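# Topology and contacts: notes
Residue-level listing of the chains:
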Amino acid sequence: MDAVEEIKSRLSIEDVVSQYVELKRAGRNFKGLSPFGNERTPSFMVSPEKQIWHDFSSGKGGNMFSFVMEMEGLDFKGALELLARKAGVDLDQYRKASGPSGKDKERLYSELELAAKFYQAQLVNQTAVDYIAKKRKFTRATVKEWLLGYSPNEGAALSTFLSKRKFSAEEIEKAGLGSQRYGRPRDMFRGRIMIPLQDPQGRVIGFTARLLVDDPDAPKYINTPQTVLYDKSRHVFGLHLAKEAIRKAKYVVIAEGNLDVISSHQAGVRHVVATAGTALTEQHLKALSRFTDDIRLCFDADSAGMNATERAIPIANKVGVSLSIITIPSGKDPDELIKQDVSLWQETIEKKEDVLDWLISRYASLSDLTSEKGRREFRNAVLNSLQRLENSGEQAHYADRIAKILNYPSSDAIMDELKLMKRGQKTYAPTTKAVKRIPSRDEKELNDYRKLQNGLLSIVFMHPAMRTGVTNLKPFMLPDKDAQSLLLFLQDNPDFAGEASEVESLRPIADYVKIVSLLFEELYQDLETQELRYEAARLQGTLIDRFVKTQKQRIVREMQHADEARTNELLEIAKKLDDVLKAYKGGA
């Protein structure tokens, strides 16, 4: 038995889900309100028999691991570790003997949690209390929620405390809390406000420490160094408290400072997080993309903020998220604006500006466009950002804007310079070379599309007689890979009516097969054969029609900025889409 099966044998899916969703018995299954939207009628279902869940409102579904991944914003490894702890499964016995063991990590977690409690207990220093209560205006509830504390301005107060609790000098150093100098322990943090860094489940993995009184000879902030538990390139500050708010707001704000995040949460605006400085990484965006694809940066408009924004553009393109900028009026930082009027902060974060539009405007304001030198500096700066775009249509759009700012008669010269910059670099394929599935970022549209897909496959999977109707359906028309795999199987095996668990090719998608069978039981099993046939035809027709319509909308948008050759190519793709629609209607 592997780790996954061991965890499944010890935990029931209804117990796991009920920690997030209030469930009520409904026959053999459980029902509850969808955690992925606001609804009054329960549409979320859990099947103890099949050990799967399905959300009828969004079309999402899976096993206990996929549910935890959705709710906690974790990858599979993170969900495995979380559920292993709940189940009391030691993952070490399933791992190769390399790197720190699970027991070693748990000991570090315990050490860091103890350190956080130690720092909290030291928050009696009057200067520290005044800083938190009077200068930052944090309430007791906020101090408690964020586990804020104070590190005594002594050489080894924490190290001594931890040593008395049987933590070795090596363990203290591995946790990033101290070191040995000249054979004596020395604390990493001294005389600072302590802000715990917590993982998405709220476990302490490190600290940010702020000076109480600004000193030009000392850094204002210092962080825990890289450890087994803390990696600044992956850690998103405040995500453990922000994830539900992000899911509801459908966007996230990345602020520059941890204390700005805390102020925003205290004011009730909780879909705000931060990273370590402005160094936004692919791992940061991937973690946030599990909750939303609308990422809004609230960085300073200085050179560091602009450079960080430029570096984030290709990363956002790679991850597949929408990046935009929030500009705070009057040069204030978020904390100042919140103290002035929290409604102004809320209004500000709701007014986003496209990242490249912001950069172009910013460079234009900083350059002397009346001089040739200034115009050249502006052109080089914006082209450096523009060449990072993968979409030729977007490049053409921004090239037009740059040409207008420089009073060029056309954007041809800009595009020529861009091509010169691209030489010797990786070239990217156009986004629409052939008819592909819809990569829509609009969650509602994708959910509606997924429901059509799941409904259709539930009928044709459970009723072999209905499978002749899906011969015109192509896998790329479906948004999910598991659904594509099931469609291919049914098209290759039109007479299959056995046990899916006994078919080798269906085992990788076993949970999805269970989902479509549950869907059939809930929605269609009481329908007569003729009604089922009609419903299957309706679902397929709507699915194909929506696929073609959405693809055409993408083509129209790209044609607005395409050259003649690309326009002709797009017209050919549109013709193929018409053929797809005609083929279905002709055979229907």
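Whatever comes next refers back to the structure up there.
Every chain begins its residue count from 1, and numbering advances along the sequence as written. The predicted nature of this model means local features are confined to residues of pLDDT at least 70 and side-chain atom pairs, given and counted, to a pLDDT of 80 or more, with totals for whole chains, interfaces and linings taken over all residues. As a convention, hydrogens and water are excluded, and side-chain values are obtained from all of the structure's heavy atoms.

## Some remarks on the layout of surface pockets
Under the convention used in this document: Using only the protein atoms, space was sampled on a 1 Å grid; points where a 1.4 Å probe fits but cannot get out form cavities, open sets with protein on both sides within 12 Å along at least five of seven lines form pockets, and lining residues are those with an atom within 4 Å of a point. Grid points are joined across faces, edges and corners, and a volume is the space filled by probe spheres set on the points. Helix numbers and strand numbers start at the N terminus; a helix is a DSSP run of H or I with at least 4 residues, a strand a run of E with at least 2. Each residue gets one of three labels, nonpolar for Ala, Val, Leu, Ile, Met, Phe, Trp, Tyr, Cys and Pro, charged for Asp, Glu, Lys and Arg, and polar for the others, Gly among them.
Within this model, the second largest pocket holds a volume of roughly 1,100 Å³. What lines the second largest pocket is a set of 39 residues, and nearest its centre among them are Asp75, Gly78, Glu81, Tyr109 and Arg203. Elements represented by at least two residues in the lining of the second largest pocket include exactly helix 4 (76-87), helix 5 (102-121) and helix 12 (282-289). Top element by residues in the lining of the second largest pocket is helix 4. It accounts for six residues. Of the residues assigned to the lining of the second largest pocket, the class counts are 14 nonpolar, eight polar and 17 charged.

## Digging into the packing of helix 16 (residues 355-366) against helix 17 (residues 372-386)
What counts here: Here, axes are lines fitted to C-alpha atoms. For helices the fit covers the stretch in contact, and angles between N-to-C directions go from 0 to 180 degrees. An angle below 35 degrees is treated as roughly parallel, one above 145 as roughly antiparallel, one from 65 to 115 as roughly perpendicular, and anything else as oblique. Each crossing gets its hand from how the near helix is turned against the far one by less than a right angle, where anticlockwise is left-handed and clockwise is right-handed. Between two residues, a contact is recorded if the distance between any of their heavy atoms is within 4.5 Å.
Running from N to C, helix 16 and helix 17 point in directions that differ by 165°, and their axes come no closer than 9 Å. By the angle between their axes, helix 16 is roughly antiparallel relative to helix 17. Crossing angle aside, the handedness with which helix 16 passes helix 17 is right-handed. Residues Leu356, Leu359, Ile360, Tyr363 and Ala364 of helix 16 pack against Phe378, Ala381, Val382, Ser385 and Leu386 of helix 17.

## Looking at the nonpolar core
Note the cut-off: Here, the term nonpolar core denotes a set of buried Ala, Val, Leu, Ile, Met, Phe, Trp, Tyr and Cys residues that are joined through side-chain atoms within 4.5 Å. Classification of residues uses two cut-offs on accessible area relative to the type maximum, computed with a 1.4 Å probe and protein chains only: under 20% is buried, over 50% is exposed, and between them is partly exposed.
The biggest cluster of nonpolar side chains holds 53 residues, and the ones touching the most others in it are Tyr119, Leu177, Phe207 and Trp345. It is helix 5 that contributes the most residues to this core, seven residues altogether. For Tyr119, the contacting residues outside a window of four places in its chain are Gly149, Tyr150, Ser151, Leu158, Leu177, Phe189, Met194 and Phe207. The next biggest cluster of nonpolar side chains, apart from the first, holds 46 residues, and it includes Leu239, Ile295, Ala399 and Ile402.

## Here's the deal with the sheet that holds strand 13 (residues 272-274)
Cut-off, in case you're wondering: Between any two strands, pairing holds if DSSP finds at least two bridges.
Across the sheet, five strands lie side by side as 13-12-14-15-16; this open sheet has mixed pairing. On the outer flanks of this sheet lie strand 13 and strand 16 (353-354), each paired with one strand and no other. Sheet topology places strand 15 (residues 322-325) next to strand 16; two bridges connect them, and they run antiparallel. Considered in strand 16, the bridge of Ser324 is made with Asp354.

## Focus on the packing of aromatic side chains
Our working rule: Side-chain rings of Phe, Tyr and Trp (the six-membered ring for Trp) are treated as a pair once their centres are within 6.5 Å; stacked means planes under 30 degrees apart, edge-to-face means over 60, and tilted covers the remaining angles. In our convention, an over-ring charge means Lys NZ or Arg CZ found within 6 Å of a ring centre and within 35 degrees of that ring's normal.
Inspection of the entire model under this criterion finds 14 aromatic pairs. Ring centres of Trp53 and Phe67 lie 5.5 Å apart, and the angle between their planes is 75°; this geometry places the pair in the edge-to-face category. Placement of the pair is Trp53 in strand 4 (residues 52-55) and Phe67 in helix 3 (residues 64-72), with a sequence separation of 14 residues. Here the two residues Trp53 and Phe67 agree in accessibility, since each one is buried. Their ring planes at 90° and their centres at 5.1 Å tell us that Tyr119 and Phe207 sit as a pair that is edge-to-face. With Tyr119 in helix 5 and Phe207 in strand 10 (residues 204-211), the pair connects residues that are 88 residues apart, well separated along the chain. Note on Phe207: relative accessible area 1%, which makes it buried. Through a chain of ring-to-ring contacts, the aromatic side chains of Tyr20, Phe36, Phe44, Trp53 and Phe67 assemble into a single cluster. The ring centre of Phe36 lies 4.6 Å from the NZ or CZ of Lys60, which sits over that ring. Here the basic side chain of Arg203 rests over the ring of Tyr109, its NZ or CZ set 4.2 Å away from the ring centre.

## Examining the sheet that holds strand 11 (residues 221-223)
Sheet strands associate in pairs through backbone hydrogen bonding, adopting either a parallel or an antiparallel arrangement. The strand order across the open sheet formed by four strands is 6-9-10-11, and the pairing between neighbours is antiparallel. The open sheet has two edge strands with one neighbour each: strand 6 (149-151) and strand 11. Within this sheet the neighbouring strands show an average axis-to-axis angle of 35°, counted without direction. Two elements, strand 9 (residues 192-198) and strand 10, share seven bridges in a ladder whose sense is antiparallel.

## Some points on helix 10 (residues 239-249)
Along helix 10, the residues classified as buried are Leu239, His240, Ala242, Lys243, Ala245, Ile246 and Arg247. One or two positions beyond helix 10, positive phi appears at Lys250, with a value near 70°.

## Comments concerning the pairing of strand 8 (residues 184-187)
Look at any regular strand and the pattern is simple: side chains alternate between the two faces of the sheet. Across four bridges, strand 7 (residues 178-181) lies against strand 8 in antiparallel orientation. Looking across to strand 8, one finds that Gly178 is bridged to Asp187. Here strand 7 folds back onto strand 8, and the loop between the two strands holds two residues, one of which, Tyr182, carries a positive phi near 55°.

## What about the packing of helix 21 (residues 481-492) against helix 22 (residues 510-523)?
Helix packing for two helices is described by the angle between their axes and how far apart those axes are. Orientation of helix 21 relative to helix 22, taken along the N-to-C sense of each, is 80°, at an axis distance of 10 Å. Taken together, the axis directions place helix 21 and helix 22 in an arrangement best described as roughly perpendicular. Across the interface between the two elements, Asp482, Ala483 and Leu486 of helix 21 pack against Tyr512, Val513 and Val516 of helix 22. The class makeup of the residues in the contact of helix 21 with helix 22 is five nonpolar, no polar and one charged.

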